[in-house]
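Here is what each chain is made of, one letter per residue.
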Amino acid sequence: SFTGQDCQNCPSGHTTLHSVLSAVDYPYAEVSHHAGYYPDMFTMAEDWQYTFFYASSSTYAPAVMVNRNALQTATSPVSGISKANVTTLLDNALASKPYASMKLESAFNPDTREVTVNLYIQPHTNMPTDKTVFNVMLVQDGLVAYQKNGGVSYTHNNVFRGAVTDNAWGVLANYTPGYNVEWSKTFTLPANIRSSYWTDETLEAKGYTEDMIIWPTVPENMRIVAFVANFNAEDCKLNQIHNCIEVKLGESYTHAAFDESVTGVEGIDADAERNVNVRVENRRIVCDEASSIEVFSINGQHISAKAELPVGIYVARLVVDGKPMTKKVVVK
């Protein structure tokens, strides 16, 4: 959802949204972007980039997207919050193909505040586009601050606090049915998060001070949200989310359709007994018997077969005698 502290209609919009969500019997992940009205004390740099979804120079709040799917008559995925809109968007999302199941693990050390996130994405069928990304976000509940028409002690929940994947739009990866995309990151949860949208100039223009845009993190109020989505930089309506998952900090969750017997690169050697010579020459993967070679990182990212590869583990997808096969290759 999109919201703003200066938005007079947002408290009623939040109430409408959550009255609909309280009646659903399936899990969902909610993220609130403080960028639908004016930038406020919670706005992050990524939040402002997501106003791309409005397909307009003007924004409004309260507003909502569900899996970034637009209503049939809408010009953008962003819709006004009403019971009818939210219900229709939820129904559309439930009827959409998820394409992949996910497992999300998180560990948290309260002494060091170190967080480790492991994400596993298991494609069931080929993705609908050749550009599919995953994104991991940090979300916080229980931030008490001013809200127009809500008072000075309004509780802001589901507040976006930054992309763990370090960019607004996510990580491009290759999704091949039969093995998992795997991603991991370890970071230190800071004691405070500064709202990254703001510069010295914009703070002065708004009349904010530095201390107004720095908010303490409370580990028990933090959540990790991950999702898989199309990516299209030109058309905001072509960035639909296929599936999502969330966990509280230090907890884990696995989709019911996720097959634990499927692994990543360790389990995708589809034809290990075939006698082919896959080797590394001049930091490139070569195979004399193969009519084509595709190279992927262990995270599923497609790499040019002509590129000189840094040290690491790679997956080579080969076609030999017209039959596909996959080999794990170590570049030393």
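Residues numbered from 1 in each chain as written. Predicted model: local features only at pLDDT ≥ 70, side-chain atom pairs only at ≥ 80, totals over all residues. Heavy atoms only, no water.

## What about the overall build of the protein chain?
Then, in step 1: When helices and strands are tallied, the protein chain shows four helices and 21 strands.
Then, in step 2: Taken over the C-alpha trace, the protein chain has a radius of gyration of 22 Å; the compact-globule value for 332 residues is 20 Å, and the two agree within 12%.
Then, in step 3: Within the protein chain, the fraction of its 332 residues that count as buried is 46%.
Then, in step 4: Summed over all atoms, the accessible surface of the protein chain reaches about 15,900 Å², with 49% contributed by carbon and sulfur.
Then, in step 5: The averaged location of the 36 negative side-chain charges in the protein chain is 4 Å from the averaged location of its 24 positive side-chain charges. (Helix = DSSP H or I, 4+ residues; strand = E, 2+ residues; numbered from the N terminus. Rg over C-alpha atoms; globule rule 2.2 N^0.38 Å. Buried < 20%, exposed > 50% of the residue type's maximum accessible area, 1.4 Å probe, protein only. Areas by Shrake-Rupley, 256 points an atom, 1.4 Å probe, with all protein chains shown as cover. Lys, Arg positive; Asp, Glu negative; His and termini not counted. Charge placed at Lys NZ, Arg CZ, Asp CG, Glu CD.)

## Remarks on the sheet that holds strand E15 (residues 252–254)
Adjacent strands of a sheet pair through backbone hydrogen bonds, lying either parallel or antiparallel.
Then, in step 1: Judged by pairing direction, the sheet is antiparallel, and its four strands sit side by side in the order E10-E4-E3-E15 without closing on themselves. Strands with a single pairing partner mark the edges of an open sheet, and in this sheet they are strand E10 (181–188) and E15. The average angle at which neighbouring strand axes cross in this sheet is 10°, direction not considered.
Then, in step 2: Pairing of strand E3 (residues 100–109) with strand E4 (residues 114–123) involves 10 bridges; the strand directions are antiparallel. From the neighbouring strand, Met-102 faces E4, where its bridge partner is Ile-121. (Pairing = 2+ DSSP bridges. Axes fitted to C-alpha atoms, helices over the stretch in contact; angles between N-to-C directions.)

## Focus: the pattern of salt bridges
Then, in step 1: Going through the model one piece at a time under the given rule, you end up with 11 salt bridges.
Then, in step 2: Linking Arg-279 and Glu-281 is a salt bridge whose minimum nitrogen-to-oxygen distance equals 2.7 Å.
Then, in step 3: Among the charged side chains, a network of salt bridges with common partners joins Lys-103, Glu-105 and Glu-260. (Salt bridge = Lys/Arg side-chain N within 4 Å of Asp/Glu carboxyl O.)

## A short note on the side chain of Thr-176
Then, in step 1: For Thr-176, the location among the structural elements is in the loop between strand E9 (171–173) and E10.
Then, in step 2: The class for Thr-176 is buried, based on a relative accessible area of 15%.
Then, in step 3: Separated by 2.8 Å, the side chains of Thr-176 and Asn-174 make a polar contact.
Then, in step 4: In this structure the side chain of Thr-176 is engaged in a polar contact, spanning 2.7 Å, whose partner is the side chain of Arg-317.
Then, in step 5: If we ignore the near neighbours within four places in the chain, the residues touching Thr-176 are Pro-123 and Arg-317. (Polar contact = N/O pair within 3.5 Å; in protein donor to acceptor, adjacent residues only side chain to side chain. Contact = heavy atoms within 4.5 Å.)

## Points about helix H1 (residues 10–21)
Then, in step 1: Taking 1.5 Å as the rise per residue, H1 with 12 residues should run 16 Å; its terminal C-alpha atoms sit 16 Å apart, in good agreement.
Then, in step 2: Buried within H1 are the following residues: Cys-10, Pro-11, Gly-13, His-14, Leu-17, Val-20 and Leu-21.
Then, in step 3: The secondary structure elements touched by the buried residues of H1 are strand E1 (63–64), helix H3 (83–94), strand E6 (143–147) and strand E7 (151–156). (Expected span 1.5 Å × (residues − 1).)

## Focus on the nonpolar core
Then, in step 1: One finds Leu-119, Ile-121, Phe-134 and Val-136 to be the most contacted residues of the largest nonpolar core, which totals 47 residues.
Then, in step 2: Listing elements by their share of this core, those giving two or more residues are E3, E4, strand E5 (132–140), strand E8 (159–163), E10, strand E13 (222–230) and strand E14 (241–248).
Then, in step 3: By residue number, the principal contributor to this core is E13, which donates seven residues.
Then, in step 4: With residues up to four places along the chain from it excluded, the contact list for Ile-121 reads Ala-100, Ser-101, Met-102, Phe-134, Tyr-175, Tyr-179, Asn-180, Val-181 and Val-228. (Core = buried A, V, L, I, M, F, W, Y, C linked by side-chain atoms within 4.5 Å.)

## Brief notes about unusual backbone geometry
Then, in step 1: With an omega of 0°, the peptide bond between Ala-61 and Pro-62 qualifies as cis.
Then, in step 2: In this structure, Pro-62 sits in the loop between helix H2 (45–49) and E1.
Then, in step 3: The phi angle at Arg-68 is positive, at roughly 60°, despite the residue not being glycine.
Then, in step 4: Mapped onto the fold, Arg-68 is located in the loop between E1 and strand E2 (79–80).
Then, in step 5: With relative accessibility at 8%, the residue Arg-68 sits in the buried group.
Then, in step 6: Its identity is not glycine, yet Asn-282 carries a phi of approximately 50°, on the positive side.
Then, in step 7: Turning to its location among the elements, Asn-282 is positioned in the loop between strand E16 (278–281) and strand E17 (284–287).

## Remarks on the pairing of strand E18 (residues 290–297)
Then, in step 1: In the sheet, E18 pairs with strand E20 (residues 312–320) via seven bridges, with the strands oriented antiparallel. Across the sheet, the residue bridging to Glu-294 is Arg-317, located in E20.

## Describing H3
Then, in step 1: With 12 residues, H3 should cover 16 Å at 1.5 Å per step; its first-to-last C-alpha distance of 17 Å lies within 8% of that length.
Then, in step 2: On its buried face, H3 is in contact with H1, E1 and E2.

## A look at the pairing of E4
The two faces of the sheet receive side chains in turn, since in a regular strand these alternate between them.
Then, in step 1: Across the 10 residues that make up E4, a large majority, seven, are buried.
Then, in step 2: Hairpin connection from E3 to E4: four residues lie between these consecutive antiparallel strands, with Arg-113 at a positive phi of about 60°.
Then, in step 3: Across eight bridges, E4 lies against E10 in antiparallel orientation. Along E10, the bridge assignment pairs Thr-116 with Thr-186.

## Observations concerning the layout of surface pockets
Then, in step 1: There is about 1,100 Å³ of room inside the largest pocket.
Then, in step 2: For the largest pocket, the lining is made up of 39 residues, of which Pro-27, Tyr-28, Ala-29, Asn-67 and Cys-244 are closest to its centre.
Then, in step 3: The set of elements that each furnish at least two residues to the lining of the largest pocket consists of H1, H3, E3, E13 and E14.
Then, in step 4: Take the lining of the largest pocket: its biggest share by element is six residues, from E14.
Then, in step 5: Across the lining of the largest pocket, the residue classes break down as 28 nonpolar, eight polar and three charged. (1 Å grid on protein atoms, 1.4 Å probe; cavity = no way out; pocket = protein on both sides within 12 Å on 5 of 7 lines; lining within 4 Å. Points joined across faces, edges and corners; volume = space filled by probe spheres on them. Nonpolar A, V, L, I, M, F, W, Y, C, P; charged D, E, K, R; others polar.)

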